Amino acid sequence: MECEWKPDEQGLQQILQLLKESQSPDTSTQRSVQQRLEQLNQYPDFNNYLIFVLTKLKSEDEPTRSLSGLILKNNVKAHYQNFPNGVSDFIKSECLQNIGDSSPLIRATVGILITTIASKGELQNWPELLPKLCLLLDSEDYNTCEGAFGALQKICEDSAEILDSDMLDRPLNIMIPKFLQFFKHNSPKIRSHAIACVNQFIISRTQALMLHIDPFIENLFALATDEEPEVRKNVCRALVMLLEVRLDRLLPHMHNIIEYMLQRTQDQDENVALEACEFWLTLAEQPVCKEVLCGHLSQLTPVLVNGMKYSEIDIILLKGDTEEDEAIPDNEQDIRPRFHRSRTVAQQHEGDGIEDDEDEDDELDDDDTISDWNLRKCSAAALDVLANVFRDDLLLHILPLLKELLFHPEWVVKESGILVLGAIAEGCMQGMIPYLPELIPHLVQCLSDKKALVRSITCWTLSRYAHWVVSQPPDTYLKPLMTELLKRILDSNKRVQEAACSAFATLEEEACTELVPYLAFILDTLVFAFSKYQHKNLLILYDAIGTLADSVGHHLNKPEYIQMLMPPLIQKWNQLKDEDKDLFPLLECLSSVATALQSGFLPYCEPVYQRCVNLVQKTLAQAMLHQSQPDQYESPDKDFMIVALDLLSGLAEGLGGTIEQLVARSNILTLMYQCMQDKMPEVRQSSFALLGDLTKACFQHVKPCIADFMPILGTNLNPELISVCNNATWAIGEISIQMGPEMQPYVSMVLHQLVEIINRPNTPKTLLENTAITIGRLGYVCPQEVAPMLQQFIRPWCSSLRNIRDNEEKDSAFRGICTMISVNPGGVVQDFIFFCDAVASWVNPKDDLRDMFYKILHGFKNQVGEDNWRRFSDQFPLPLKERLATFYGV
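The structure presented is a predicted model; accordingly, all values stated were derived computationally and were not measured. Per chain, residues are indexed from 1 in the order of the written sequence. Note on the predicted model: pLDDT of at least 70 is required for a residue's local features to be given, and 80 or more for side-chain atom pairs to be given and counted; whole-chain, interface and lining totals, by contrast, use all residues. To obtain the side-chain values, all non-hydrogen atoms of the structure were included, while hydrogens and water were left out.

A word on the overall build of the protein
- In terms of regular secondary structure, the protein is built from 50 helices and zero strands.
- The principal-axis extents of the C-alpha atoms in the protein amount to approximately 95 × 70 × 65 Å.
- Buried, partly exposed and exposed residues are distinguished by accessible area as a fraction of the type maximum, computed with a 1.4 Å probe on protein chains only: under 20%, between the cut-offs, and over 50%, respectively. Going through the 890 residues of the protein one by one, you find that 57% of them count as buried.
- Within the protein, residue pairs in contact and separated by at least 24 positions form 75% of the contacts whose partners lie at least 6 positions apart.
- Working definition of accessibility: Shrake-Rupley area with a 1.4 Å probe, residue cover restricted to the visible protein chains. With an accessible surface of roughly 39400 Å², the protein has 51% of that area assigned to carbon and sulfur atoms.
- For the purpose of counting charges, residues Lys and Arg are taken to be positive, whereas Asp and Glu are taken to be negative. His and the chain ends are not included. In plain terms, the charge of a residue is placed at NZ if it is Lys, CZ if Arg, CG if Asp and CD if Glu. For the protein, the distance from the average position of its 77 positive side-chain charges to the average position of its 125 negative side-chain charges is 1 Å. Secondary structure elements are defined from DSSP: runs of H or I of at least 4 residues count as helices, runs of E of at least 2 residues count as strands, and each element is numbered from the N terminus. Whether two residues are in contact is decided by their heavy atoms, any of which lying within 4.5 Å being enough.

With respect to a negative patch on the surface
- Together, Glu-509, Glu-510, Asp-543 and Asp-550 give the surface a local cluster of negative charge.
- Where the negative patch is concerned, the elements lending two or more residues are α29 (494–511) and α31 (535–552).
- Position of Glu-510 among the secondary structure elements: in helix α29.
- What makes Glu-510 partly exposed here is its relative accessible area of 33%. Patch definition: residues with relative accessible area over 30% and no salt bridge; like charges joined within 9 Å; nonpolar side chains (Val, Leu, Ile, Met, Phe, Trp, Tyr) joined within 5 Å. We count a salt bridge whenever a side-chain nitrogen from Lys or Arg sits within 4 Å of a carboxyl oxygen from Asp or Glu.

Some remarks on the pattern of salt bridges
- Per the counting criterion, the structure on display carries 43 salt bridges.
- In this structure, Asp-330 engages Lys-494 in a salt bridge whose closest nitrogen and oxygen atoms are separated by 2.7 Å. On the criterion of sequence distance, the pair formed by Asp-330 in the loop between α20 (312–317) and α21 (375–390) and Lys-494 in helix α29 is long-range, its members being 164 residues apart.
- Exposure remark for Asp-330: the relative accessible area of 18% places this residue in the buried category.
- Since its relative accessible area comes to 13%, Lys-494 is described here as buried.
- One salt bridge connects Asp-678 with Lys-638, and the closest N-O pair in it is separated by 2.9 Å. With a gap of 40 residues between them, Asp-678 in the loop between α37 (668–675) and α38 (681–697) and Lys-638 in the loop between α34 (602–628) and α35 (639–655) connect regions that are remote in the sequence.

Let's talk about the packing of helix α16 (residues 254–264) against helix α17 (residues 270–284)
- An axis is simply a line fitted to the C-alpha atoms; with a helix, the fit covers only the stretch in contact. Between two such axes, the angle follows the N-to-C directions and lies from 0 to 180 degrees. The N-to-C vectors of α16 and α17 enclose an angle of 135°; their axes lie 8 Å apart at closest approach. Judged by the inter-axis angle, α16 sits oblique to α17. The handedness of the crossing between α16 and α17 comes out as left-handed. Residue-level contacts link Met-254, Ile-257, Ile-258, Met-261, Leu-262 and Arg-264 of α16 to Val-272, Ala-273, Ala-276, Phe-279, Trp-280 and Leu-283 of α17.
- For this classification, Asp, Glu, Lys and Arg are treated as charged, while Ala, Val, Leu, Ile, Met, Phe, Trp, Tyr, Cys and Pro are nonpolar and the rest, including Gly, are polar. Here the residues of the contact of α16 with α17 are counted per class, giving eleven nonpolar, no polar and one charged. Should an angle lie under 35 degrees it is considered roughly parallel, over 145 roughly antiparallel, and from 65 to 115 roughly perpendicular; all remaining angles are considered oblique. What makes a crossing left-handed is the near helix being turned counterclockwise from the far one by less than a right angle; a clockwise turn instead makes it right-handed.

Brief notes about the environment of Ser-379
- Along the chain, Ser-379 falls in helix α21.
- Judged by relative accessible area, Ser-379 falls into the buried class, the value being 1%.
- Counting along the chain gives 364 residues from Ser-379 to Ile-15, while the straight-line C-alpha distance between them is 51 Å.
- If sequence neighbours within four positions are ignored, Ser-379 has contacts with Cys-277, Leu-304, Gly-307 and Met-308.

So, in structure tokens, the structure goes:
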């Protein structure tokens, strides 16, 4: 037996001194402590001192001992593989001996230390850990049992996957039945640990738990009305997860579970109520929802509506009594990081603008500064999803409540009614229409309520009905709504400014060019807000301006509008440093503005272009430094480069050929060559979008690089990365049009991948459409190379292009298909009905394209003869038959 390690008294005093200093609030003291701790890490037995203070030095105060353990935990995280054997063994044995320390703080610290060692791959190298902890559960001593359970709960949370694998000889077969025994323990803390441990294994459908699923559920029911809130919370959490994973086992008890969850959603303890409220969110996603819940709607609806009121604590946290705070600068911690959504090229469809599948803007995020998720938000989200399940059936239960709420004298109640109205907007829209002519004016009035929290929620709710507002004659609702909303953008309360700006952006997307008559009025407000807003809301203002530009397009290109809008934007642009993340939303905004203003953006173009190129260059240089010397240099934030590439795309798209001189004088193509090979997909995605836009704007500068670019484009046709693949595909199509017959050497690099993508099941619509257009364009310029494969793609090709609008891209793609059919008519014979349908989707093709269609249709008809053609065309749906007869006389 080696002799026990003993600390050196002087060394111990030095470390205690450090631990004391590190509790000082002074940052420079803390920094010097950090440096000294780093230096001490060079001594192999430094970590022995730390565990000694934690477990043996009972004379010290608990916070100091715990801190010593937490520093040790960080060392384990960073350097465990370098610990000498003697040290790691000493730490492990000390942990196991002291897991039952009489102080809850020390027990918890030891537990954290144990799970940190375990998650460093040490579960395999510490075989006695789990058996020992399970043994300690049976200890007569409460502290030991509780400490061991605390540690086991942390291990189950951190290492659930390894516990359920063959690597460890399946310890869960013993642990789970053991945990179930403790559901009936007399200490609430232990009961709570036991459920929490088992809960870790529900979602992964762990075999060892599935074998005991019935006793588990019985035990949960037995604890349903436990007096300890933490236990009730864990019971609710278990039932919510079982709903997803083992609905079959819950169904026989569903009536009682729903009754129980109704009670728990009204639990006195808000944490329990929140866990229970998740049940309704999860249930709404299950196909059985309608059937099992319809009988309970009359009870559930008032419970959810009631949960949507602000609690007193919320109001205090939200400073609900501070009405005017516009002059108070923002707390920088409150500004959430923004993520830039890289550019994706999409087609326009019949009857709409650009499709946007991601309506992520109208989520219920009206109060994102308090603890992000609370009962109010969960209740509102549950009502929203249930409205989508039950549609207008839900209104029977909601409308009587709404009348009372919306006109209630107490502002908190009225506010919750307005939130309810917004939450049901999507699911119950049809049933709400008869009430909107009366409700919308009432809401517009609420926009000037004296309580800021009422004004802000009203902005959000009105935005949820924007689609309906825009569908009515503009003077009736749009004009009054817009007038009031613009006043709210200039509200004296920051939360209202933010809600109004977001709501206005939604209104812009719905109204589009309906806003043109009011542009001067709108710009006046938005520009005035520039001088008024604090940091956080400025970022949202950029978004409202960018959305306005997207919505009204070239109507913004009037000298008086440009004079209003550009100076404040350029002033901000000059203020911001290259490292400032506020550049993201500003660059996105400028990108929309440049695209809308087109030639109107020319005076601002050069400095903006230069800076974008610099941002790309800086980021690439930093990335190379980091790659060669990772210790010396941090890795750069590549978002700067992505946003810059996207703004360059916006410039190329807006300014077209006039960007040519700027490209000529810069090294952008060399930089793009690097970006196209970056390992981050979003960087490649944006660089391919820019490649397509530069190809359209000034191909003479792109052409010399095509031999280098094409192989890279070919390797990026991987549909696993949808947006990268989409933009690469689009760029190849644009390049084909410019290259003409010279595209021939490159067709083989891309054609097989494109044909594979168009035939792949579950490919997103945008990618299918762009793939079809690019195949058509390749066939247009190199028919001999592409036509032989016609039969392999003609059917999905026709199906994916029948729904997009007549435009240049569709035009060139169809010319390509006609050219290929003339080279290889046999390739289309079996799927000719699909071709007929695609031709009929054209509203007015150019004359020469219409002639091509005419020749092919008549050629086919003459080939098969009158009778066969009649038999063939009898299969057509009537509208198709009529269109072909009217337009092409077949």
